[in-house]
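As a plain string of letters, each chain reads:
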Amino acid sequence: MPAPDSIISMQQVGKWYGQFQVLRGIDLEVARGERIVICGPSGSGKSTLIRCINRLEEHQQGRIVVEGIELTNDLRQIERIRRDVGMVFQHFNLFPHLTVLENLTLGPMWVLKQTRAQAEATAMQYLARVRIPDQASKYPGQLSGGQQQRVAIARSLCMQPKIMLFDEPTSALDPEMVKEVLDVMIGLAEESGMTMLCVTHEMGFARQVADRVIFMDRGEIVEQNTPDAFFDHPQHERTRLFLSQILH
Ligand SMILES: Nc1ncnc2c1ncn2[C@@H]1O[C@H](COP(=O)(O)OP(=O)(O)OP(=O)(O)O)[C@@H](O)[C@H]1O
């Protein structure tokens, strides 16, 4: 049974790509409003885990319950869950032939059935929140990578999600643009009370905003703890090895 205050519950989740088992017996309860950072070596299954939460990937074993709905092949339920769960990818996935404003209003108008005026008003609010209120009429190709990622964050927020998933949102950015995106995410974490799961190796971000850091290796959750305990007193040899590699 999911814990009563869980917004996401994963129980003994397993997934394979062909013969290769990418997730092994994942048990994870996420409380409403919790901020979680997931880290681990390349190929450990971090992206796959969060992609299972909005059914971009299908698990083959165990149970996943999001906002009280168990993930199955029921398309209406998948649609509902995707409305509740926003996702920001490493590559921004904006429509290049649409302006920033059009990228932001498309989902609210077509999926949430907002009027153009409503959708544009909300979009402008979120553009201000991600600190680019003056870029609405530009095309994505006219923006820097950091600005494009902030548009992608605003686009997700316009859909009024209850949960935000971030899949290495800064790893495709030039170093000088990482901070501007992290600052927006920190603001979101601190001001919105939104449930957030973030795959990232930005450990400063993890220390500042995460309630919990999860370390994955070879498809398993090896260790999880508060950021201070996780970074200062890692319990497992695999965690220590990983931290020694990324922190030096
Ligand atoms: N669609 C797919 N088909 C086959 N194998 C896949 C697929 N997607 C991922 N994999 C493999 O599954 C493993 C886990 O991938 P995943 O992207 O979840 O790991 P990750 O921890 O997020 O890694 P990274 O930090 O490199 O993104 C990798 O070995 C990857 O090659």
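All values reported here derive from a predicted model rather than from experimental measurement.

Caption draft 1: Molecular detail of the state of the cysteines. One pass over the structure, following the stated rule, counts 0 disulfides. Cys39 takes part in no disulfide bond, and the closest cysteine sulfur, belonging to Cys198, lies 11 Å away. A disulfide-free cysteine, Cys52 has its sulfur positioned 17 Å from the sulfur of Cys198, the nearest such atom.

Caption draft 2: A look at the sheet that holds strand S9 (residues 212-217). Sheet architecture is open: 6 strands sit in the order S6-S7-S8-S3-S9-S10, paired in mixed fashion. Every interior strand has two partners, whereas the edge strands, strand S6 (85-88) and strand S10 (220-225), have only one. Strand-to-strand twist in this sheet, taken as the mean axis angle between neighbours without regard to direction, amounts to 20°. With 4 bridges connecting them, strand S3 (residues 35-39) and S9 associate as parallel partners. Following the sheet pairing, Cys39 is matched in S9 by Phe215. The strands touched by helix H1 (residues 46-53) within the sheet are S3, S6, strand S7 (163-167), strand S8 (195-199) and S9, with S7 carrying the most contacts at an inclination of about 155°.

Cut-offs applied
- Residues numbered from 1 in each chain as written.
- Predicted model: local features only at pLDDT ≥ 70, side-chain atom pairs only at ≥ 80, totals over all residues.
- Heavy atoms only, no water.
- Disulfide = S-S within 2.5 Å.
- Pairing = 2+ DSSP bridges.
- Helix = DSSP H or I, 4+ residues; strand = E, 2+ residues; numbered from the N terminus.
- Axes fitted to C-alpha atoms, helices over the stretch in contact; angles between N-to-C directions.
- Contact = heavy atoms within 4.5 Å.

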